[in-house]
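Analysis of the macromolecular model
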Amino acid sequence: MNFDKPTDRRGSYSVKWDRTQALYPVGEDFIPMWIADTDFEAPECVRDAARAMVDHGIFGYGFDTDSYLASVVWWAETRHGWSPDPAAIFTVTGLCNGIALVLDTYTDPGDGVVIFSPVYHEFAATIRAGGRRAVEVELPREDGRYVMDLDAAQAALSGDEKILLLCSPHNPVGRVWTSGELAALVDFANRNDLILVSDEVHQDLVYPHATFTPTMRVDGAADNLIVLSAASKTFNIAGMRIGNVIIPNAELRAPFADRMRALKLQPNIIGIAMTTAAYSPEGADWADAQVAYLDRNRAVFEKGVGAIPGLTATPLEATYLGWVDWSGTGMTREEIHRRVMETAGIAPQRGPDFGPGGEKFLRFNFGTQRARVEDAVARLQSAFADLQ
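Every chain begins its residue count from 1, and numbering advances along the sequence as written. In keeping with the predicted nature of the model, local features appear solely for residues at pLDDT of at least 70, side-chain atom pairs appear and are counted solely at 80 or more, and the whole-chain, interface and lining totals rest on all residues. Values reported for side chains reflect all heavy atoms of the structure, with hydrogen atoms and water molecules removed beforehand.

1. Quick look at the sheet that holds strand β14 (residues 361-365)
In space, the five strands of this open sheet follow the order β1-β13-β14-β12-β11, with mixed pairing throughout. Sheet topology places β1 (31-33) and β11 (312-313) at the edges, where each strand pairs with a single neighbour. Pairing geometry for β1 and strand β13 (residues 346-350), over three bridges, is parallel. Residue pairing in the sheet places Met-33 in a bridge with Pro-348 of β13. Note on contacts: a residue pair qualifies if any of its non-hydrogen atoms lie within 4.5 Å across the two residues. Comment: axis = line fitted to C-alpha atoms, over the contacting stretch for helices; angle = value between 0 and 180 degrees taken between N-to-C directions. Helix numbers and strand numbers start at the N terminus; a helix is a DSSP run of H or I with at least 4 residues, a strand a run of E with at least 2. The strands touched by helix α13 (residues 333-343) within the sheet are β13 and β14, with β13 carrying the most contacts at an inclination of about 140 degrees. Against the sheet, helix α14 (residues 370-383) engages β1, β13 and β14, with an angle of about 95 degrees to β1. Strand pairing follows a simple DSSP-based rule, namely that at least 2 bridges must link the two strands.

This is the structure:
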């Protein structure tokens, strides 16, 4: 588990590395810190599973096998303390696809979908692409820490909302919602007859100073809950396009099962094999080692950014995505972007992409080799040297 091992991803069909120069004003010597995948090789058990499929040499039709479903259940039980029914698990082609299918099944065009902003940009994009209405409730900050304002959420409702889409842990602000916060949210969803859809893809990327609570473990959640999970972020296999939509309530589950059958959706067999291998004791050991490595990267990044006057890195409880507030510099967005992208040669995700509340932020992916994180910090400090 050598996370310091240098990797070269150029020319590997990598969005992160092969599309950066088309999207950002950076030179040849750039550091891509935007899209949320890491630069770490998947664990050996996952690569062994892929090699076995390749060596077999036949790639015909497949299905989500009993062993795959058992591995998803095992991971939820051993890592997060809950036991999904295998019959409740639907395999989709990634979680954005899962969100789109949920919206297609349970809402009609024009219906409202509540999200807490700033949030993963694909939430609003998927809602709007399906002709639904994104009801964006901005997350306030208390002493620098983001919280949910359910009074504001209540005031934002007009009566046509059908779903509350939650990011837990939250991307990009790095919050791990407490059991108390989740209990209040479950009560809010139930009182307003909203299906609570909890995207828990970052559940395995939680730092030691925080504790992740699966929404399914909250009293009163099960009847009106849909959980989204995947091995994609944890094991850097997002390109396999495999995720899970888990619907505990059989009555709520039925229309989704009908929709899956109607659309003839079938899983990617290599992704099934890789996820089955990942959700194992060997995969768990690797995931723990990765979190320890990322925690040190987080400390390097937050300390380095914090040394630049006017820049503030939001203290993270989860994810490998640094959320940086530049409002204290007094600079315009254009000047900040010029210094970060053109001067430092770093490509972060632009804050406004995440909706209201993101206007004065940039998101930096530090899920890479530590030497590259240290280089990025040094470049940022140099680009803003006149402030020091």
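From this point on, the discussion continues.
2. Some remarks on the sheet that holds strand β2 (residues 89-92)
Across the sheet, which stays open at both edges, the seven strands sit in the order β2-β10-β9-β8-β7-β3-β4 with mixed pairing between neighbours. Of all strands in the sheet, those bounded by a partner on one side alone are β2 and β4 (133-138). The mean angle between the axes of side-by-side strands here comes to 25 degrees, regardless of whether they run parallel or antiparallel. Bridge analysis of strand β7 (residues 161-167) against strand β8 (residues 195-199) gives five bridges, and the strand direction is parallel. Each bridged residue has a counterpart across the sheet, and for Ile-163 the counterpart in β8 is Ile-195.

3. Some thoughts on the pairing of β2
The two faces of β2 match: Ile-89 and Thr-91 on one face and Phe-90 and Val-92 on the other face are all buried. By the bridge criterion, four bridges tie β2 to strand β10 (residues 243-246) in an arrangement that is antiparallel. Within the sheet, the bridge partner assigned to Ile-89 lies in β10 and is Ile-246. For each residue, the accessible area found with a 1.4 Å probe, counting protein chains only, is set against the maximum for its type, and the residue is called buried under 20%, exposed over 50%, and partly exposed in between.

4. Comments concerning the side chain of Asn-249
In this fold, Asn-249 is placed in the loop between β10 and α10 (250-263). In the analysis that follows, any N or O atom pair within 3.5 Å is treated as a polar contact, provided that within protein one partner can donate a hydrogen and the other can accept it, and provided that, for residues neighboring in sequence, both atoms belong to side chains. A distance of 2.9 Å separates the side chain of Asn-249 from the backbone oxygen of Asp-223, its partner in a polar contact. Once you skip the residues sitting within four places of it in the chain, Asn-249 turns out to touch Ala-222 and Asp-223.

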